[in-house]
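A closer look at the structure
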Amino acid sequence: MIKRLLSFVAAFSMFLTAWAQPSSNPLADFYGTGEGYPSWSDAINWGRVINMSTYTNGATNFNKFENARDELFAQGGGVLYYPAGEYEFDVPDGPAGRGLMLKSGVVIRGEIPADNDRRAVTTLDRNQLIQHGLISNPTKFKFTRKNYLDSLENVIGPDEHKGLVPKMWNVIGCTPANAEKVGIAWVEVEFGFVYFGFEISESWSQYRENFAYAGVPKGAWASRVGNGTHPLDVFSGTYAWGQADARMGADRFVFGVHLKNSTITNYAMNKSGLSSWKIEHGGWQFGPRLGVYGRHIFIANNCISKPTACFVFDQEGKAGNGAAQGVYGQIFDYANCLGVDVNKNLLSGIRSRCSASDSNGFYANDIIVKENWVYNHGNKNFEIAGKYVVIKDNVAFKEGIYLNNVYGAPNLTSLIHKSSYRAHRNTNTEDFMNRGFDYGGWNVWFHNNRYEGTGSLGNDGEGILCQRHGGVEAFSITMTANEQGPTGMNGYLAPYDVTVAGLLHGWNFQRGSVGVLKVEQNFIADVSVVKNFHTNGNASGTSGQTGARVNDYLVVSCPGQPSPGTPAITLTNEGRGVKIAWNDVSDEVGYAVQRRRTGTNDWTTVAFRPRQASGSLVTFAMGTTGNNIGTTSNYGPQPLSQCWDGIERNMNEPSWLDYTRLSGTFDYRVVALACEINGSDGTASNIDTIVVTSVKQGFASKAITFLPVVIMPNPAEGSSQITVSYQSVEPASLRVFDMFGKLVKEQAPRISKSGIQNMSTKGLAPGNYLMEVKAGNGISRARFIIQ
């Protein structure tokens, strides 16, 4: 009787566990009643769930992850659900290692935190930016570390952390590097990082050039042939500079994740400035703790918190560049590296990085980075590029690198080095990359972000900066209602040494200047500056109004603002989003694109956009006259000839693409702005006369369906022909993956009324493979063998 009762309880418990598994879209659950969520996320198979707390196929958590991932991948994707608890992952290390590598269609999901701790950004008060949330995620991933205690000298720090460094493959990533529909939600990750990278158009090969900043790989890493799955591949396993194009994935998200003691350790890359180098001091200079590359990216509500596991060790410094020869105590600082990097930092050496007609570079479509809290001690909190980019409500919190002992313990004195990473004493510390936000791209909106602590000794604050490294220019950019906190250098809020076609600076609080800096030979058009304040209440200084090629630059004094007209708009369904276009009107500062649910008066701003006063036709060619890209020598892209194709384009069109999704019917309007974004002048005077056009949202994507697939013969004989049959009346594409998730063969979509296609196996070695059949919104994968 007791045995039967216990069996019943166990069975009922399993039933409750299965019944309680979440099967909804967590992005829609969180944002679906507010500003909207990414439309493409509905195509992820949220209803196919494996509960990892009860999954038994594997001896370790790492084995179980890989086995369950492969099962979901073979079925067309799904969710690896990790209920509340701690999951330790001991990953393989070294150049041939791997982390938690997702495959196309497979995502990780944890348990939702308590109601009072679901937001990373808990305040936007610029005097309280140290506060953040997501401190109690119930699902915790903990990566194991590597013991460097024996190879380091005079190690000082907390006993549970000193001499222990994260493995270089402590990563949640994806394979292949251009995998689609991957992501992670509601998980705390300790001693690990997130990197969804990119492939290149040619085979990765060993890299031997000595980078000025990066050095060259050492030890076993010198023989690594990179595949793009580790951020070090750009330097240790890539092509010659600028000789290949990126192949980036799409539909990627990181949401509700707390990265704790997160960094990319570098013990594989030599640094030319150190004579006796053992390990880089904390985060690798070029490594992001949360790096995502691709089209249709959603990075929201994440926290990278202040580290608690730093320690000090001795390191010998090489004389030169202001450093004295000798041994210095060096902090292993988890926070002295990049924070969030989207389509920016690691694309500098890619040929397609700044091609206006290519979405596999700085101009990849649909990037949303919102409501993230990021702590940095040096380097940049955020690096972001893309086309139709929203960057809003983020906090970039720094404690200035020239401050001593930011970690609150006498034995963790801050000894941060220059960007060259040569050893320096604390009194000679510089970090010329110590910025809150670094950006590039086309149609970018910064709104309501907060940052403080930027800058370093001898350098300005560089709060939100666009600077011409690798071919980055500023095309159709708006910065509204951003605020600098009380610490750090005064800095500026301005593009620096770039061509500018369309720029609105409005209603920001900034202790330094706003506008455009170092205009010189650059083409500047359609710029307006209105109501920016110094944090002491006075008007902030404005720069860049004059120059040989400054075509249009409006500085508005309030009152006495312009009297704009009323734009007429058109709406178009663009597959994944709504395109709003309007005619230019005279005498405006800029525009606000807004929407409301039909039948209500609650308007939400989708984006602020620059004015179109003089025309922003930019010729993608080198030159110092007319509307060509400038040729200033400082910070020039290398080489410019790989970026600009000589074609003239309007880089500041009066349009916007709204990629966020809500259910129901919505009205859109475009308001021509004057002096205020709220109040009785400017916007309010035109609201009643604006023509409102409705559009039904929710058209953008559909859930994936499962296609039955049969492969014959299976097993197949050598270089033969296989027949693939499936149930679909739409054109279907065939793709073949090896068991590591690498794409090895593909066949373009074909119309087959009978639902049958033939494919040659020529060139495929004997082994196990996955055949992917994709038709419309239907997808499936089936295993087959070549003998």
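Worth saying up front: this structure is predicted, and the values here are computed from it rather than measured. (Residues numbered from 1 in each chain as written. Predicted model: local features only at pLDDT ≥ 70, side-chain atom pairs only at ≥ 80, totals over all residues. Heavy atoms only, no water.)

**Looking at the pairing of strand β25 (residues 365-370)**
Among the 6 residues that make up β25, 5 are buried, leaving the element largely enclosed by the rest of the structure. The pairing of strand β20 (residues 295-300) with β25 spans 4 bridges and is parallel. Looking across to β25, one finds that I297 is bridged to I367. Pairing analysis gives 5 bridges linking β25 to strand β28 (residues 387-392), with the strands arranged parallel. By the bridge assignment for β28, V369 is matched with I391. (Buried < 20%, exposed > 50% of the residue type's maximum accessible area, 1.4 Å probe, protein only. Helix = DSSP H or I, 4+ residues; strand = E, 2+ residues; numbered from the N terminus. Pairing = 2+ DSSP bridges.)

**So, empty space enclosed by the protein**
Taken as a whole and judged by the stated rule, the model has 3 cavities of 30 Å³ or more. Taken as a whole, the largest cavity holds about 240 Å³ of empty space. Every residue lining the largest cavity is counted, 20 residues in all, and those nearest its centre are E35, V390, V606, D658 and T660. Among the elements that make up the lining of the largest cavity, the one with the highest residue count is β25 (4 residues). Tallied by class, the residues present in the lining of the largest cavity amount to 10 nonpolar, 4 polar and 6 charged. (1 Å grid on protein atoms, 1.4 Å probe; cavity = no way out; pocket = protein on both sides within 12 Å on 5 of 7 lines; lining within 4 Å. Points joined across faces, edges and corners; volume = space filled by probe spheres on them. Nonpolar A, V, L, I, M, F, W, Y, C, P; charged D, E, K, R; others polar.)

**With respect to the nonpolar core**
Counting residues in hydrophobic clusters, the biggest one holds 155 residues, and the most contacted among them are L80, F89, I108, F141, F198 and F253. Every residue in contact with I108, bar those within four places of it in the chain, is listed here: F65, L80, Y82, L102, F141, I172, G183, I184, A185 and V187. In this structure, V589, F608, Y668 and V670 belong to the second largest nonpolar core, which totals 30 residues. (Core = buried A, V, L, I, M, F, W, Y, C linked by side-chain atoms within 4.5 Å. Contact = heavy atoms within 4.5 Å.)

**A short note on the environment of G219**
Tracing the backbone shows G219 in the loop between β15 (198-200) and α4 (233-236). Relative accessible area serves as the criterion here: at 62%, G219 is assigned to the exposed category. For the pair G219 and G94, spaced 125 residues apart in the sequence, the C-alpha separation amounts to 9.9 Å.

**Some points on the packing of aromatic side chains**
Applying the stated rule across the entire model yields 35 aromatic pairs. On the basis of an interplanar angle of 65° and a centroid distance of 5.2 Å, the ring pair of F30 and F255 is categorised as edge-to-face. Within this pair, whereas F30 is found in helix α2 (residues 26-31), its partner F255 is found in strand β17 (residues 250-255), the two being separated by 225 residues in sequence. Judged by its relative accessible area of 18%, F30 is buried. For F255, a relative accessible area of 0% puts it in the buried group. Aromatic side chains W582 and Y591 sit 5.4 Å apart centroid to centroid with 50° between the ring planes, which places their arrangement in the tilted category. A relative accessible area of 5% places W582 in the buried class. The buried category is assigned to Y591, whose relative accessible area is 0%. Against the face of F509 rests R126, its NZ or CZ located 4.9 Å from the ring centre. One residue, R595, lies across the ring of F666, its end atom 5.5 Å from the ring centre. (Phe/Tyr/Trp six-rings, centres within 6.5 Å; stacked < 30°, edge-to-face > 60°. Lys NZ or Arg CZ within 6 Å of the ring centre and 35° of its normal.)

**Focus: the pattern of salt bridges**
On inspection of all chains with the given rule, the structure shows 31 salt bridges. Two residues, K392 and E35, come together in a salt bridge whose shortest N-O distance is 3.0 Å. Within this pair, whereas K392 is found in strand β28, its partner E35 is found in the loop between α2 and β1 (37-38), the two being separated by 357 residues in sequence. Taking relative accessible area as the criterion, E35 reaches 30% and is therefore assigned partly exposed. Residues E772 and R735 are paired through a salt bridge, measuring 3.0 Å at the closest nitrogen-oxygen approach. (Salt bridge = Lys/Arg side-chain N within 4 Å of Asp/Glu carboxyl O.)

**Structural notes on unusual backbone geometry**
Leaving glycine out, the prevailing phi sign among residues is negative, and the prevailing peptide bond configuration is trans. Following M712, the chain continues to P713 via a peptide bond in cis, the omega torsion being -10°. Along the chain, P713 falls in the loop between β54 (709-712) and β55 (721-726). Residue N714 is joined to P715 through a cis peptide bond whose omega torsion reads 10°. A positive phi is found at L134, a non-glycine position, where the angle reads about 55°. As for its position among the elements, L134 is in the loop between β6 (106-110) and β7 (139-143). If you check the backbone angles, W507 has positive phi at about 65° while not being a glycine. As for its position among the elements, W507 is in the loop between β37 (500-506) and β38 (513-515).

**Side note on the pairing of strand β19 (residues 288-292)**
Extensive coverage of β19 is indicated by the burial of 5 of its 5 residues. Pairing of strand β14 (residues 193-196) with β19, which is carried by 3 bridges, proceeds in the parallel orientation. Paired with V194 across the strands is L290, a residue of β19. Of the pairings in the sheet, the one linking β19 to strand β24 (residues 338-342) comprises 4 bridges and is parallel in character. Each residue of the ladder has a partner; that of G291, found in β24, is D341.

**Focus: the sheet that holds strand β49 (residues 655-658)**
Read across the open sheet, the 3 strands follow the order β42-β43-β49; overall the sheet is antiparallel. The strands lining the two open edges of the sheet, one partner per strand, are β42 (569-573) and β49. Here the average twist between neighbouring strands, direction ignored, is 20°. With 5 bridges connecting them, β42 and strand β43 (residues 578-582) associate as antiparallel partners. (Axes fitted to C-alpha atoms, helices over the stretch in contact; angles between N-to-C directions.)

**Focus: the sheet that holds β54**
Pairing is antiparallel across the open sheet formed by 3 strands, whose spatial order is β54-β55-β58. The sheet is open, and its two borders are formed by β54 and β58 (756-760), each paired with just one other strand. Neighbouring strand axes in the sheet, compared pairwise and without regard to direction, differ in orientation by 20° on average. Bridging between β55 and β58 involves 5 bridges; their strand directions are antiparallel. Within β58, the residue paired with Q721 across the bridge is S760.

**A look at helix α3 (residues 61-74)**
Helical geometry: 3.6 residues make up each α-helical turn, so side chains three or four residues apart lie on a common side. In this model α3 runs 20 Å from its N-terminal to its C-terminal C-alpha over 14 residues, within 8% of the 20 Å that 1.5 Å per residue would give. Of all 14 residues in α3, 10 are buried; the element is thus mostly enclosed. Of all the residues in α3, the buried ones are F62, K64, F65, E66, A68, R69, D70, L72, F73 and A74. One or two positions beyond α3, positive phi appears at G76, with a value near 95°. (Expected span 1.5 Å × (residues − 1).)

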